[in-house]
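Fold and contact review
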Amino acid sequence: MSDKIYIFDTTLRDGEQSAGIGFTIDDKVQIARQLAKLNVDIIEAGFPASSPGDLEAVRAIAKEIRGPIITGLARANIKDIDATWQAVEVAETPRIHVFLSTSDIHVAHQLHKNREDVMEMARTAVAHAKRYCSDVEFSPMDATRSDHEFVYQLLAAVIEEGATTINIPDTVGYAIPKQFEAFVRSCMEKVPGIEKTRVSVHCHNDLGMATANSLAGVIGGARQIEGAINGIGERAGNTSIEEVVMAIKTRADFLDMHTDVNTRELYATSRLVERLSGMPIQPHKAIVGKNAFRHSSGIHQDGVLKMRETYEIMNPADIGVPAGGSIVLTKVSGSHGVRSRLSELGIEPDEAEFRRIFQAFKDVADVKDEVDDRDLMAIVSEQTQFTVEEAWKLDLVQVSSSDHGTPTATVRLIGPDGEPHQDAAIGTGPVDAIYRAINRVTQVTNELTEFSVKSVTEGIDAQGEVTIRIETGERTFQGRASDTDILVASARAYLHALNRSLMPIATAAEHAPAPAPAR
Ligand code: KIV
Ligand code: ZN
C-alpha cells in the first residue's frame, strides 16, 4: 500500500487573511462543512486569539464538524493557547497549532528576542498546549530562511515537550524544490525523536513554487501537506489543495503516495470558496480554472474527440467538473429530473434549499432554452448562499437607459421589517443608477471598490455572474449573483454584499487587536 499524505486545509486561517477576504462566521461554517465532505484530514478553522468573532467561528466549526481534526492557530504564548483551546476543546478530535519564528531576521527585528529566548518560549508554549491537548503541532516560522542547526535543536526541544506534528513552513515562498526536499530530509535525519511525529510542509507561492515545494517536501519525507483551496492566502497565497491532491493522484506511479481526499468534491469546494471569498479563479488555473479542461485548437479538439487521454491527463469527472452541455434540462424538466441531476453532481440540498433552487431553475429555463450543469451550479451557488435571514430582499428592479439620456433606476426592496420600500435614482450608467437607488432605500454607507461580470456559459442567452466588493468603514465584503439579466444580477450581487455587511463577522484581520501571524 502506498504512503498516505495527510491533507491539512488552512483555507479558513491562512487563506482567510488574503487581502480583501472577509468571511462571516456563517461563511466559515459553510466552508468547513464542504471541507468535511471533501474529506480533508485536518481543518485549521482560524486563529482564535485574533478576535472574539474568530474564536466563535472556530468553536462553531469544532462543535459541528465530525471527521477531520479541527485545529486553531496560536502564537507561542499562554493567552493564545488558552483561546485556541477554548475554541477547539469541543471538537471530536482537537489539535492546537503553535508557531514561533526561528529566522534571525524575524527573531531580531520582529520579536526583539534572541535564540535562547525563542528556545524557552517554544518549550513553554508546547508544554502548556500539551496540558490541554494530546495533539500539538509546532511550526518554526520562516524555517527555510533560518539557521538549519538552530531549527534542528528547536524541533528536538519541542518534540521533548510533546509536539506530535512538526511543520516546516516556507513562510515567504523562498525555497527551491531541490533545496526544500534536502532540508526536510535533513530534519528527518538530524532531529532526535522526529520519527515519533508526523512531519508537515507549509509552502507559500511567492515564486510560484508552492505546489512544487510541497511535493518536494513529501519526497523528502514529510507526510502532511498544508494548503488552501484555490491557493488563497497572504501575498501570492498558499499551496493549492486541489493541485497537490490531483498531482499525488495523477502521478501515483512516480510518487507512490495517496490522499484520502474525495477528489470529486474539489470543484464544488473550489466554487464555494471562490464565491464566499470573492477571489475569482483565473480561467487557466490548474485543476479548477474554467479553461482547465477546454481544448481550443483544432488539433487538440480532434485528439480529445478521438480519445480523451490524448490531451487530458486527468478525467474532469474525477474533480467533479460539470460537463459543459452534454446533459441539459429545459423548462419542461420536472423537480425529479432537477433533483437527480443535482445528486449526480454531488449536490444534496435540503428541502427548503431545493424549493429555492427549483424555482430559480424555472426562472432561468423560462428565458434560456437549455440549462446545463454550469447554469445549475450557478443557481445552486446563489440559492444556498444565505443561511441567515436576508435583511434586504430584491422585489423589483426597473431600469431605463439609452445612448443619449440619463440612466434611471427604480428599486423596490423588502426590508428587515417585512415591508416594501421603494426609491429611484439616476446614475452614470444603469448599474450605478441601481446602486444609488438601493443606497437611498437601505441607507448603508459603503464604497463600491470592484465590479466584474462574466458569463456562466456561452451564447447570447447565457447567465451573467456578477461579483462585487464593497467597503464599509475598515471592512470589505463581496457579493455575487447570477441571472440571465445582468442588471438583475448586479442588483442582487450588491444586496448580497450589503446583507453580508450586516451579519456577524469572523475575519481575524478585521478585528485583530494584535498583529496577525506572518504567513
Ligand atoms: O507561513 C507560515 O509560516 C505560517 C505558520 C503560522 C505556519 O502560516
Ligand atoms: Zn502560512
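Residues numbered from 1 in each chain as written. Chains lettered and ligands numbered in written order. Predicted model: local features only at pLDDT ≥ 70, side-chain atom pairs only at ≥ 80, totals over all residues. Heavy atoms only, no water.

**What to know about the pairing of strand 12 (residues 408-414)**
What you see with strand 12 is a clean split: A409, V411 and L413 sit on the buried side and T408, T410, R412 and I414 on the side with no burial. Judged from the 7 bridges that link them, strand 11 (residues 393-400) and strand 12 form a sheet pairing that is antiparallel. Residue pairing in the sheet places L396 in a bridge with R412 of strand 12. With 7 bridges joining them, strand 12 and strand 13 (residues 420-426) adopt antiparallel strand pairing. Paired with T410 across the strands is A424, a residue of strand 13. (Buried < 20%, exposed > 50% of the residue type's maximum accessible area, 1.4 Å probe, protein only. Helix = DSSP H or I, 4+ residues; strand = E, 2+ residues; numbered from the N terminus. Pairing = 2+ DSSP bridges.)

**Observations regarding the coordination of the zinc ion (ligand 2)**
Four donors placed tetrahedrally around a metal ideally meet at 109.5 degrees, and six donors placed octahedrally ideally meet at 90 or 180 degrees. Binding of the zinc ion (ligand 2) to the protein goes through D14 (OD), H202 (NE2) and H204 (NE2), at separations of 2.1 Å. Donor residues for the zinc ion (ligand 2) sit on one chain with the sequence pattern D-x187-H-x1-H. Of this pair, D14 sits in the loop between strand 2 (6-9) and helix 1 (25-38) while H204 sits in the loop between strand 8 (198-203) and helix 8 (210-219); the two residues are 190 residues apart in sequence, bridging distant segments of the chain. We note that D14, like H204, is buried. (Donors = N, O, S within 2.8 Å, 3.2 Å for Na, K, Ca; no water.)

**Overview of a nonpolar patch on the surface**
On the surface, L448, F451, V453 and I486 cluster together into a nonpolar patch covering about 310 Å² of accessible area. Tallying contributions element by element places strand 14 (residues 447-455) first for the nonpolar patch, with 3 residues. Inspection of the secondary structure puts V453 in strand 14. On the accessibility criterion, V453 (42% relative accessible area) is partly exposed. (Patch = residues over 30% accessible without salt bridge, like charges linked within 9 Å, V, L, I, M, F, W, Y side chains within 5 Å. Areas by Shrake-Rupley, 256 points an atom, 1.4 Å probe, with all protein chains shown as cover. Salt bridge = Lys/Arg side-chain N within 4 Å of Asp/Glu carboxyl O.)

**Looking at the sheet that holds strand 3 (residues 42-46)**
An order of 2-3-4-5-6-7-8-9 is seen for the 8 strands of this closed barrel, with the pairing classed as parallel. On average, each strand axis in the sheet is tilted by 25° relative to the strand beside it, whichever way the strands run. As defined by bridge partners, strand 8 adjoins strand 9 (residues 224-227) across 3 bridges and the pair is classed as parallel. The partner of S200 across the bridge, within strand 9, is Q224. Across the sheet, helix 1 lies against strand 2 and strand 3, angled at about 175° from strand 3, the strand it touches most. (Axes fitted to C-alpha atoms, helices over the stretch in contact; angles between N-to-C directions. Contact = heavy atoms within 4.5 Å.)

**So, the packing of aromatic side chains**
Geometrically, a pair of aromatic rings is defined through the distance of the ring centres and the angle of the planes. Applying the stated criterion across every chain, the model contains 5 aromatic pairs. Between W85 and Y132 the ring centres are 5.6 Å apart and the planes differ by 10°, which places this aromatic pair in the stacked class. Here Y132 lies in helix 5 (residues 115-132) and W85 lies in helix 3 (residues 78-88), a separation of 47 residues in the sequence. The class of W85 is buried, set by a relative accessible area of 16%. Judged by centre distance (5.9 Å) and plane angle (25°), the rings of F358 and F361 are stacked. Residue F358 and its partner F361 are located together in helix 15 (residues 351-367), separated by 3 residues, close to a single helical turn. Across the pair, F361 and F358 agree in class, each one buried. Following the ring pairs from residue to residue traces out a cluster consisting of F354, F358 and F361. Above the plane of the ring of Y6 lies R198, whose end atom (NZ or CZ) is 3.4 Å from the centre. (Phe/Tyr/Trp six-rings, centres within 6.5 Å; stacked < 30°, edge-to-face > 60°. Lys NZ or Arg CZ within 6 Å of the ring centre and 35° of its normal.)

**A closer look at the sheet that holds strand 13**
Within a beta sheet, neighbouring strands are joined by backbone hydrogen bonds and run either parallel or antiparallel to one another. Spatially, 3 strands are ordered 11-12-13 in an open sheet, and the strand pairing comes out antiparallel. Because the sheet does not close on itself, it has two edges, and the strands there are strand 11 and strand 13. The sheet shows a mean angle of 15° between the axes of neighbouring strands, direction not considered. Sitting on the sheet, helix 18 (residues 486-501) touches strand 11 and strand 12, and the angle it makes with strand 11 is about 140°.

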